[in-house]
Amino acid sequence: MQDKYDITDAELEIMQVLWENEQCDLNTIMQELNNKEDKNRNTIKTLLRRLILKGSVKSKKVGLKDTIYIPMVSKNKFLETQNESFLKKLYNGKTNNLLLNFVENQKVSKQELQKLIDILESED
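The next thing to look at is the packing of aromatic side chains. Per the stated rule, a full pass over the model turns up two aromatic pairs. Their ring planes at 45° and their centres at 5.6 Å tell us that W19 and F78 sit as a pair that is tilted. Here the residue W19 occupies a position in helix α1 (residues 9-21), and F78 occupies one in helix α4 (residues 75-91), the gap between them amounting to 59 residues. Ring geometry for F86 and Y91: centres 5.9 Å apart, planes at 55°, overall tilted.

This is the structure in structure tokens:
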């Protein structure tokens, strides 16, 4: 079985709908995704099956025909694993390298930088 945190970009769109709603049926997922981009029903069903196989999503029958989908991965845990992977790949696992890169390339505003300083100082 694949890692339940190994979620593709297309699957992530579905996960975001599930995280926002906590659980929902196929029609709700389709409606929310189609507000952003036109998605085919079969494509969404395929992506849901993949997420179920990974253990990222659980399906539950409701009544005779309806199925609801429930996220089995919390958004916070997913973000944590993605952040760790990103740091390892690009910055040798060192947060300071990431922060220095953003500061040196002026990707962080003075207000954001001050907030980081305040956080670091409060942890002493």
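This next bit is on unusual backbone geometry. At E22, a position not held by glycine, the phi torsion is positive, near 70°. With phi around 55°, N92 is a residue other than glycine that occupies positive phi space. Residue position: N92 is located in the loop between α4 and α5 (95-104).

This part takes up the sheet that holds strand β2 (residues 57-62). Reading across from one edge, β1-β3-β2 is the order of the three strands in this open sheet, with antiparallel pairing throughout. Since the sheet does not close on itself, it has two edges, and those belong to β1 (24-25) and β2, each with one partner. When β2 meets strand β3 (residues 66-71), the two strands line up antiparallel, connected through six bridges. Paired with K60 across the strands is I68, a residue of β3. The strands touched by α1 within the sheet are β1, β2 and β3, with β3 carrying the most contacts at an inclination of about 90°.

Here is what the cut-offs are and how they apply
Residues numbered from 1 in each chain as written. Predicted model: local features only at pLDDT ≥ 70, side-chain atom pairs only at ≥ 80, totals over all residues. Heavy atoms only, no water. Phe/Tyr/Trp six-rings, centres within 6.5 Å; stacked < 30°, edge-to-face > 60°. Helix = DSSP H or I, 4+ residues; strand = E, 2+ residues; numbered from the N terminus. Pairing = 2+ DSSP bridges. Contact = heavy atoms within 4.5 Å. Axes fitted to C-alpha atoms, helices over the stretch in contact; angles between N-to-C directions.

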